[in-house]
Amino acid sequence: NHRKALALAERFGGRGGTARAFADRLRAQAARPPREPEAELPAEDAVALLSVHQAKGLEWPIVFVPDLGASPPRDGRRALRHPSGALAAALLDVETGAFVTTAALAEAREEGRRAGDAEARRLLYVALTRARERLVLSGEAGRAGGTWRALVEAGLSARPELALRIPLAEAATRAVGPAIAAGGEAAAAPPEPLPALAAPGLPPPAPRVAVTALSEHARCPRRPYFRGVGLSERASASGAVLDDPDRATARGTLAHAMLAEVDFAAPPLTRRVLLEAAALRRGYDPGAAGVKRIVADVLRFLGSVPGERLARAARAGALRREVPLMLRLEADGFPPCYLTGAIDALVEGRRDVAVVDFKYAVARPGASERYRAQLVAYALAAARAYPGRRVTAGLQFLRGGCGSVDVTPSTEELRRFEREAPRLALDASRGTAAGAPPTPAELGRDEARCRAEGCGFVWKCYPAAGARGAAAA
Ligand code: SF4
């Protein structure tokens, strides 16, 4: 995306436009009414039509993913960047007029193919995880491998019972609803009920929970419950409401987006431009004080020792960012669960793999306990994806002194998490519908521990502390 922005800027400059005019134009575009994928749906039964890229981060009750019989796009360029950084190009045979593929170009293509396969899997993951209730896939079978469908079938081969296959001849009869009369008006006949698509004997749907939601629930189930009923955290038992959580989330999201897009290996000045471009693309004014502070924090991190370490990994092609994950866990007595999320940064070594989770915050005591479940889930996903390699997990704070905290779980901790996660996921997926959560005493908590962890609901869980604070004041 940033290459696209730079190309746009170059074209604009080539036509005589100034940097200020380009910035004004971008601001005007950011302020324009939302396009189809960004627009609010006018009614609950509306249909949104959009690409997989545009669907990222959104969800609907029912999602159709068509044309899975097609193949992911392939790179047929005659000149590519070789993994060593050099240019690799095909040579023109002037006698025959044909292009001859050089060894360097073949290597660059192979590298591009591997990267393209990984990108295709990421895109498919996005497409297949947008539906909350029902996912409908269609696409021609019978072609040679290499299609989107082949990727889906490979995944389904391990769990064929997850899909209900509908022959093409029956597909039309499944799609029922009010008949549309000439002129576009719905006919008066009442709609037939949608036939049940669940295959006989299909297990009840497994809870699908974001790793971050599960982590919050594991930390203390009272916290998500209080948020669910609209309560806010406070700085102290009797004090003011903590930072608006929505604004804090927006700041963290922007910092993460910058780190997902910036070229770690770029010179400092280019990094600043890329960070500001990332903010601009999301509709933020890079000149605003809050955005400037985030850019400054991220730049400071990029220049720090851990930032340089990630830059070296990026130069060596060993850094992956925003790696999507879906973790299936089973335990006796509970339905299996699916944990979803994305690992901020993953450094691939030959013998080990390092998981890094960015936090747009200052490192404080108790941080490793606060985020432990989240990092254990990421480490477990990495251990499954890279069998035989040693997995480490760490928190990387982006503010203050850019502290790093090692949260690598032991093997026993990974096994315990595998056993306990399905119960936690079931509880977390019920949310406030499960009723009031256990009391602090039932959870084995006390005021001193909750304070040490920095929870902002002390005022709610220990009202006597609030009264003490008010009396002291
Ligand atoms: S104060 Fe303690 S018991 Fe209450 S929500 Fe926070 S962590 Fe949980």
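Preceding block: the structure.
In this text the structure is predicted, and so the values were computed from the model without any measurement. (Residues numbered from 1 in each chain as written. Predicted model: local features only at pLDDT ≥ 70, side-chain atom pairs only at ≥ 80, totals over all residues. Heavy atoms only, no water.)

1. Here's the deal with the overall build of the protein chain
Thought 1: Scanning the protein chain for helices and strands turns up 18 helices and twelve strands.
Thought 2: Looking at the protein chain residue by residue over its 473 residues, the buried ones come to 32%.
Thought 3: If you take every contact in the protein chain between residues at least 6 apart in sequence, the share linking residues at least 24 apart comes to 65%.
Thought 4: For the protein chain, the accessible surface area stands at approximately 28100 Å², while carbon and sulfur atoms represent 56% of it. (Helix = DSSP H or I, 4+ residues; strand = E, 2+ residues; numbered from the N terminus. Buried < 20%, exposed > 50% of the residue type's maximum accessible area, 1.4 Å probe, protein only. Contact = heavy atoms within 4.5 Å. Areas by Shrake-Rupley, 256 points an atom, 1.4 Å probe, with all protein chains shown as cover.)

2. Observations regarding helix H4 (residues 103-128)
Counting along an α-helix, one turn takes 3.6 residues, and residues three or four places apart therefore face a common direction.
Thought 1: For H4, with 26 residues, the first-to-last C-alpha span of 37 Å sits near the 38 Å given by 1.5 Å per residue.
Thought 2: Of the positions making up H4, those classed as buried are Leu 105, Ala 108, Ala 120, Leu 123, Leu 124, Tyr 125, Val 126 and Ala 127. (Expected span 1.5 Å × (residues − 1).)

3. Points about the site of the ligand
Thought 1: The environment of the ligand is made up of Cys 220, Arg 222, Arg 223, Phe 226, Arg 445, Cys 450, Cys 455, Phe 457, Val 458, Cys 461 and Tyr 462.
Thought 2: Listing elements by their share of the shell around the ligand, those giving two or more residues are helix H8 (222-228) and helix H17 (458-461).
Thought 3: Sorting elements by how many residues they give to the shell around the ligand places H8 first, with three residues.
Thought 4: By residue class, the composition of the shell around the ligand is eight nonpolar, no polar and three charged. (Near = heavy atom within 4 Å. Nonpolar A, V, L, I, M, F, W, Y, C, P; charged D, E, K, R; others polar.)

4. Some details on empty space enclosed by the protein
Thought 1: Applying the stated criterion to the full structure yields one cavity of 30 Å³ or more.
Thought 2: Each pocket or cavity is described by its volume, and for the largest cavity that value is around 90 Å³.
Thought 3: Forming the walls of the largest cavity are 13 residues, and the residues nearest its centre are Cys 220, Arg 445, Cys 450, Cys 455 and Cys 461.
Thought 4: Only H8 and H17 provide two or more residues apiece to the lining of the largest cavity. (1 Å grid on protein atoms, 1.4 Å probe; cavity = no way out; pocket = protein on both sides within 12 Å on 5 of 7 lines; lining within 4 Å. Points joined across faces, edges and corners; volume = space filled by probe spheres on them.)

5. Structural notes on a nonpolar patch on the surface
Thought 1: Together, Leu 92, Val 94 and Phe 99 give the surface a local cluster of nonpolar side chains, amounting to about 320 Å² of exposed area.
Thought 2: On the basis of relative accessible area, Phe 99 is assigned to the partly exposed category, the value being 41%. (Patch = residues over 30% accessible without salt bridge, like charges linked within 9 Å, V, L, I, M, F, W, Y side chains within 5 Å. Salt bridge = Lys/Arg side-chain N within 4 Å of Asp/Glu carboxyl O.)

6. A few points about the pattern of salt bridges
Thought 1: Within the structure shown, the criterion is met by 21 salt bridges.
Thought 2: Arg 149 is paired through a salt bridge with Glu 153; the nearest N and O atoms lie 3.1 Å apart. With a gap of four residues between them, Arg 149 and Glu 153 both fall in helix H5 (residues 148-156), about one helical turn apart.
Thought 3: Residue classification places Glu 153 among the partly exposed residues on the basis of a relative accessible area of 25%.
Thought 4: Through salt bridges with shared partners, one network takes in Glu 216, Arg 223, Arg 227 and Glu 233.

7. Let's talk about the environment of Leu 49
Thought 1: Tracing the backbone shows Leu 49 in the loop between helix H2 (19-30) and helix H3 (52-55).
Thought 2: You can call Leu 49 exposed: its relative accessible area is 70%.
Thought 3: In this structure, the C-alpha to C-alpha distance between Leu 49 and Phe 64, residues 15 residues apart in sequence, is 9.6 Å.

8. Considerations on the packing of aromatic side chains
Thought 1: A full pass over the atoms with the stated rule returns four aromatic pairs.
Thought 2: With a centroid separation of 5.3 Å and 45° between ring planes, the pair formed by Phe 12 and Phe 22 is classed as tilted. Placement of Phe 12 in helix H1 (residues 2-14) and of Phe 22 in helix H2 is noted, with a sequence separation of ten residues between them.
Thought 3: Ring centres of Phe 226 and Phe 457 lie 5.1 Å apart, and the angle between their planes is 55°; this geometry places the pair in the tilted category. Remark: Phe 457 occurs in the loop between helix H16 (447-452) and H17 and Phe 226 occurs in helix H8; sequence separation between them is 231 residues.
Thought 4: Given a relative accessible area of 4%, Phe 226 falls into the buried group.
Thought 5: For Phe 457, a relative accessible area of 1% gives the class buried.
Thought 6: By way of ring pairs, the aromatic residues Tyr 225, Phe 226 and Phe 457 are connected into one cluster.
Thought 7: Directly above the ring of Trp 459 sits Arg 234, whose terminal nitrogen or CZ lies 3.8 Å from the centroid. (Phe/Tyr/Trp six-rings, centres within 6.5 Å; stacked < 30°, edge-to-face > 60°. Lys NZ or Arg CZ within 6 Å of the ring centre and 35° of its normal.)

9. Observations concerning the packing of helix H14 (residues 372-385) against helix H15 (residues 411-430)
Thought 1: It is the contact of H14 with H15, at a shortest axis distance of 10 Å, that shows an interaxial angle of 100°. Between H14 and H15, the crossing angle belongs to the class labelled roughly perpendicular. Between H14 and H15, the residues in contact are Arg 372, Ala 373, Val 376, Ala 377, Ala 379, Leu 380 and Arg 384 and Glu 413, Leu 414, Arg 415, Phe 417 and Glu 418, respectively.
Thought 2: Of the residues in the contact of H14 with H15, the class split is seven nonpolar, no polar and five charged. (Axes fitted to C-alpha atoms, helices over the stretch in contact; angles between N-to-C directions. Parallel < 35°, antiparallel > 145°, perpendicular 65-115°, else oblique.)

10. Things to note about the environment of Leu 214
Thought 1: As for its placement among the helices and strands, Leu 214 is situated in helix H7 (residues 211-219).
Thought 2: The contact partners of Leu 214, leaving out residues within four places of it in the chain, are Val 209, Leu 339, Phe 417, Ala 421, Leu 424 and Ala 425.

11. Thoughts on the side chain of Glu 216
Thought 1: Tracing the sequence through the fold places Glu 216 in helix H7.
Thought 2: The contact partners of Glu 216, leaving out residues within four places of it in the chain, are Arg 223, Pro 224 and Arg 227.

12. Section: the nonpolar core
Thought 1: Ranked by size, the top nonpolar core spans 35 residues in total, and within it Leu 329, Leu 339, Val 355 and Phe 417 carry the most contacts.
Thought 2: Taken together, the elements giving at least two residues each to this core come down to H7, strand S8 (319-331), strand S9 (334-348), strand S10 (352-359), H14, strand S11 (390-397) and H15.
Thought 3: In terms of residue count, the dominant contributor to this core is H14 (nine residues).
Thought 4: One finds Leu 259, Ala 313, Ala 345 and Leu 398 within the second-largest nonpolar core, a separate group that totals 28 residues. (Core = buried A, V, L, I, M, F, W, Y, C linked by side-chain atoms within 4.5 Å.)

13. Notes on H5
Thought 1: Of the positions making up H5, those classed as buried are Trp 148, Val 152 and Leu 156. All buried residues of H5 fall inside an arc of 70° around its axis, so they share one side.
Thought 2: Next to the buried residues of H5 lie H4 and strand S6 (131-137). (Arc of directions from axis to C-beta.)

14. Here we look at the packing of helix H10 (residues 268-281) against helix H11 (residues 289-303)
Two numbers describe a pair of packed helices, the interaxial angle and the distance between the axes.
Thought 1: Where H10 meets H11, the closest approach of the two axes is 10 Å, and the angle between their N-to-C directions is 140°. Of the possible angle classes, the one that applies to H10 and H11 is oblique. Handedness of the H10/H11 crossing: right-handed. Contact residues: Pro 268, Arg 271, Arg 272, Leu 275, Glu 276 and Ala 279 in H10; Val 291, Val 295, Val 298, Leu 299, Leu 302 and Gly 303 in H11. (Left-handed = near helix turned anticlockwise from the far one by under 90°.)

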